[in-house]
Amino acid sequence: MQKLISLFIVSTVVLFFTACGGGPKIVISSYTAPKEAAKLSKIETKDEFISKGAYLAVWLNPDVKGAKETNSKLKSMLIDSVKAKLTETNFVTIDPLGSDGDVALSMKISNYEYENLGEKVSMALEVTFIISRGSDEFLVKTYSDRKNRQSNDPSKLPGENELASQAVSKVVKYFISDISPLKTSQLREFKSLPNELTHVVSYAQRKNYKGAIKLMENYKGEKDLNYHYDLAILYEAEASVNEDMKLLDSAQSNYEQAMNLGGFNDELVVSAKARFDNFYDLLSKTKKQDKANQALRDDRDSLTGSSASEYQ
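S.K.: What exactly am I supposed to notice about the overall build of the chain here?
M.R.: If you tally the helices and strands in the chain, you get 8 helices and 8 strands. Burial statistics for the chain: of 312 residues in total, 43% are counted as buried. Taking as baseline every contact in the chain between residues at least 6 positions apart, the subset at least 24 positions apart corresponds to 68%. Looking at the chain as shown, the accessible area adds up to about 17,200 Å², and 50% of this sits on carbon and sulfur atoms.

As structure tokens, then:
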């Protein structure tokens, strides 16, 4: 029996490492696409006196319904969290001077429950987000989150405000991901390289992408599929740090060369290229939209005489 158990353990370990196999990996920044992208046209505002392009802006209604009846701090938590998430990319900006005819974002706490049983605490939060222009409500969605924590030592359990903050952060992220690209992280896996380039991966895993790119660009040997694919990853990683479109163009060029050298038959290359294309498209759109939104922020700044950062 003991031999059978030992054999089972060994087999499990082998299977685990096989499943977790592949080449070395790095984590790079990327974007997620807004799930309600089709409805964003209703948020657009065209004003030639302010911006050459249509800007995406919402006035954040400070009157959070249901906040007084539940936890009074939820109001500020929700507003602060929405501001933080929107300004992560500024794809949708905040208009501090909204009026009845402008796009407004309102929130309603439709459910809030907190229970403390000594060794166990729990919380349930449900928030409805409404985007409207005047009386026209064109996006109404409800998001919820539940927290359960327990410990033999009650002093180690989080307090109500801490749980509320976590729940607020979760529901706000759900909502913002519906209307705006959000930053995320993705894995990229390297292919094997010649011995002369053994330091490339070490550089990359230490986030020294510039150094790794230099090593690759100075290489005089054969530049095959693996070379161009790995170089594309490095350019993509470096571009994602400062969201540099020129570096993304270099990544795109190398991805395409890898595809032309047979990468279209390689699942790893095809998968990375597809995710890169999504990132390239989203970053391009985000930068273009942020530029249009900046015109609105500059206009509001000139009207109020305040720094734009005060209402971001």
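S.K.: Sorry, what's going on with helix α2 (residues 73-86) here?
M.R.: Since the α-helix packs 3.6 residues into each turn, any two residues three or four apart lie on the same face. The terminal C-alpha atoms of α2 lie 20 Å apart, and with 14 residues this matches the ideal 20 Å at 1.5 Å per residue to within 8%. The inward-facing, buried residues of α2 contact β3 (55-60), β4 (93-94), β5 (103-116), β6 (120-133), α3 (160-179) and β8 (182-189).

S.K.: Just checking my understanding: could you explain α3 for this structure?
M.R.: For α3, with 20 residues, the first-to-last C-alpha span of 29 Å sits near the 28 Å given by 1.5 Å per residue. Where α3 is buried, its residues touch α2, β5, β6, β7 (136-150) and β8.

S.K.: Which parts of the structure should I look at to understand the confidence of the model for the chain?
M.R.: Detail in the predicted coordinates should be disregarded across regions flagged by low pLDDT. In this model, the chain carries an average pLDDT of 88, and 89% of its residues clear a pLDDT of 70 or more. Helix α1 (residues 2-19) is the least confidently modelled element of the chain, averaging 38 in pLDDT, while helix α7 (residues 245-260) averages 98, the highest of any element. Taken as a whole, residues 1-20 scores under 50 in pLDDT and shows 1 contact with residues more than four places along the chain or in a different chain. Here residues 307-312 scores under 50 on pLDDT; set against residues more than four positions off or in separate chains, the count is 13 contacts.

S.K.: Could you clarify how one ought to interpret the packing of helix α5 (residues 209-217) against helix α6 (residues 225-242) in this entry?
M.R.: A pair of packed helices is characterised by two quantities: the angle between their axes and the separation of those axes. With their axes 9 Å apart at the nearest point, α5 and α6 run at an angle of 150° to one another. Here α5 lies roughly antiparallel to α6, going by the angle between them. In this structure, the crossing between α5 and α6 has a hand that is left-handed. Along the contact surface, α5 presents Y209, K210, A212, I213, M216 and E217, while α6 presents Y227, D230, L231, L234, Y235, A237, E238 and V241. Grouping the constituent residues of the contact of α5 with α6 by class yields 10 nonpolar, no polar and 4 charged.

S.K.: Explain the packing of aromatic side chains to me, please; I cannot follow it from the model alone.
M.R.: Ring pairs (aromatic) are described by centroid distance and by the angle formed between their planes. Evaluated as defined, the whole model comprises 8 aromatic pairs. Ring plane angle 70° and centroid distance 5.6 Å describe the contact between F129 and Y143, whose orientation is recorded as edge-to-face. Here Y143 lies in strand β7 and F129 lies in strand β6, a separation of 14 residues in the sequence. Of the residues examined, Y143 reaches a relative accessible area of 8% and is grouped as buried. Taken together, a centroid distance of 5.9 Å and an interplanar angle of 50° make the contact between F276 and Y280 tilted. Placement of both F276 and Y280 in helix α8 (residues 267-304) is noted, with a separation of 4 residues, approximately one turn of the helix. Y280 carries the same exposure label as F276, and that label is buried. Through pairs of rings, three or more aromatic residues link up here, namely Y229, Y255, F276 and Y280.

Basis of the calculations
- Residues numbered from 1 in each chain as written.
- Predicted model: local features only at pLDDT ≥ 70, side-chain atom pairs only at ≥ 80, totals over all residues.
- Heavy atoms only, no water.
- Helix = DSSP H or I, 4+ residues; strand = E, 2+ residues; numbered from the N terminus.
- Buried < 20%, exposed > 50% of the residue type's maximum accessible area, 1.4 Å probe, protein only.
- Contact = heavy atoms within 4.5 Å.
- Areas by Shrake-Rupley, 256 points an atom, 1.4 Å probe, with all protein chains shown as cover.
- Expected span 1.5 Å × (residues − 1).
- pLDDT = per-residue confidence, 0-100.
- Axes fitted to C-alpha atoms, helices over the stretch in contact; angles between N-to-C directions.
- Parallel < 35°, antiparallel > 145°, perpendicular 65-115°, else oblique.
- Left-handed = near helix turned anticlockwise from the far one by under 90°.
- Nonpolar A, V, L, I, M, F, W, Y, C, P; charged D, E, K, R; others polar.
- Phe/Tyr/Trp six-rings, centres within 6.5 Å; stacked < 30°, edge-to-face > 60°.

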